[in-house]
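Analysis of the macromolecular model
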Amino acid sequence: MLNITRARALAGTAALVAAPRIVRAQTLEKIRFGGVPTDDMTGVYYAIKTGMYQKAGLDVEVIPTSSGTVATTAVVAGSYEMGKGSLIASLAAHLHDLPLVVVSNGSIWDPKVPYNFGLVAADSTIKTGADLNGKIGATSALNDLNQLCIEAWVDKNGGDSKTMKWVEIPNSASGAALADHRIDVCALQEPQLSAELASGRVRKLAPVYSAVSEHFVFGVFFANKDWATKNPDAVKRWVRTTYEATAYTNAHHAETVAMMSDITKIPAAIISKMARVENATSATSDPGLMQPLIDASAKYKFIPRTFPAKELMFAG
């Protein structure tokens, strides 16, 4: 009590002048972040858990979504400031002049890290692209990344993707739909991929992402354009902190097993053995890594035209 009294006596009016400065220093920039809680969010969750965002002056709250498309729509609408999702949804938003900007690369496909696989029922006879002619594929959102990659794989392996039919099914229900033969093919990423394979009701068909390219960005982090334009420093701090966290988690997978098991509700035993996606860091932030998917999306008419990847990036 003595210290407080002395401070008041000595500081006087100066304390009133300094007070607003102290309040501002302690105020955190709120960022509501929407995205599917999959392994490509590990760096984000780690930065929250360890207080890295807080140290950067950010209060980041993750709101789980059912798909990247849902997250993209919510960020465009301004319901959330930022989000994570498939690059394809961001391409469509860009070409429709919607208020969305990509702030950083996210997940990177590398066939050495089979983070995603096309799947069929365990008793399915499907082996080639031709075997999928006229068959039913499922995705969590129509015209998304998994649909594009499966179609590209079908065409490169003797089939005709134009003959396929597509339905929307949540990723969590895809395994059961395959086992019941209500659909013929889908693609899942970790940790749902390993969980479904462990069930024994599905089997791997092919690493369908490689049909687009052997190395490309397929997931991105984005922001509402109006918010980002008004808060460029917050965006920069978020990107810098996320890249720093991701550089660590990419190299220390064992340390995030329990955290991601708790978040995804997938057993730790599965997460500890599964392929952990390569998440982008400052060393892999080249916008050019998005170009293969942009070009493939235009080829398959998921977007009306191709364009240089750098057009997507936030310039603030």
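Reading the values: rules and limits
Residues numbered from 1 in each chain as written. Predicted model: local features only at pLDDT ≥ 70, side-chain atom pairs only at ≥ 80, totals over all residues. Heavy atoms only, no water. Core = buried A, V, L, I, M, F, W, Y, C linked by side-chain atoms within 4.5 Å. Buried < 20%, exposed > 50% of the residue type's maximum accessible area, 1.4 Å probe, protein only. Helix = DSSP H or I, 4+ residues; strand = E, 2+ residues; numbered from the N terminus. Contact = heavy atoms within 4.5 Å.

Counting residues in hydrophobic clusters, the biggest one holds 88 residues, and the most contacted among them are V103, F218, W238, M290 and L293. A total of seven residues in this core trace back to one element, the largest contributor, which is helix 7 (residues 145-156). What M290 contacts, discounting residues up to four positions off in sequence, is L87, V102, N105, V217, V220, A309, L312 and M313. Counting residues in each nonpolar core, the second largest holds eleven residues, with F117, L119, A138 and I183 among its members.

Of note, the bond from E190 into P191 is cis; its omega dihedral lies within 30 degrees of zero at 5°. Looking at where P191 falls in the secondary structure, it is placed in the loop between strand 9 (186-189) and helix 9 (192-199). Even without being a glycine, D97 presents a positive backbone phi close to 60°. On the accessibility criterion, D97 (68% relative accessible area) is exposed. Residues other than glycine seldom take positive phi values, yet N143 does so here, at roughly 60°. One can find N143 in the loop between strand 7 (136-139) and helix 7. N143 gets classed as partly exposed once you look at its relative accessible area, which sits at 46%.

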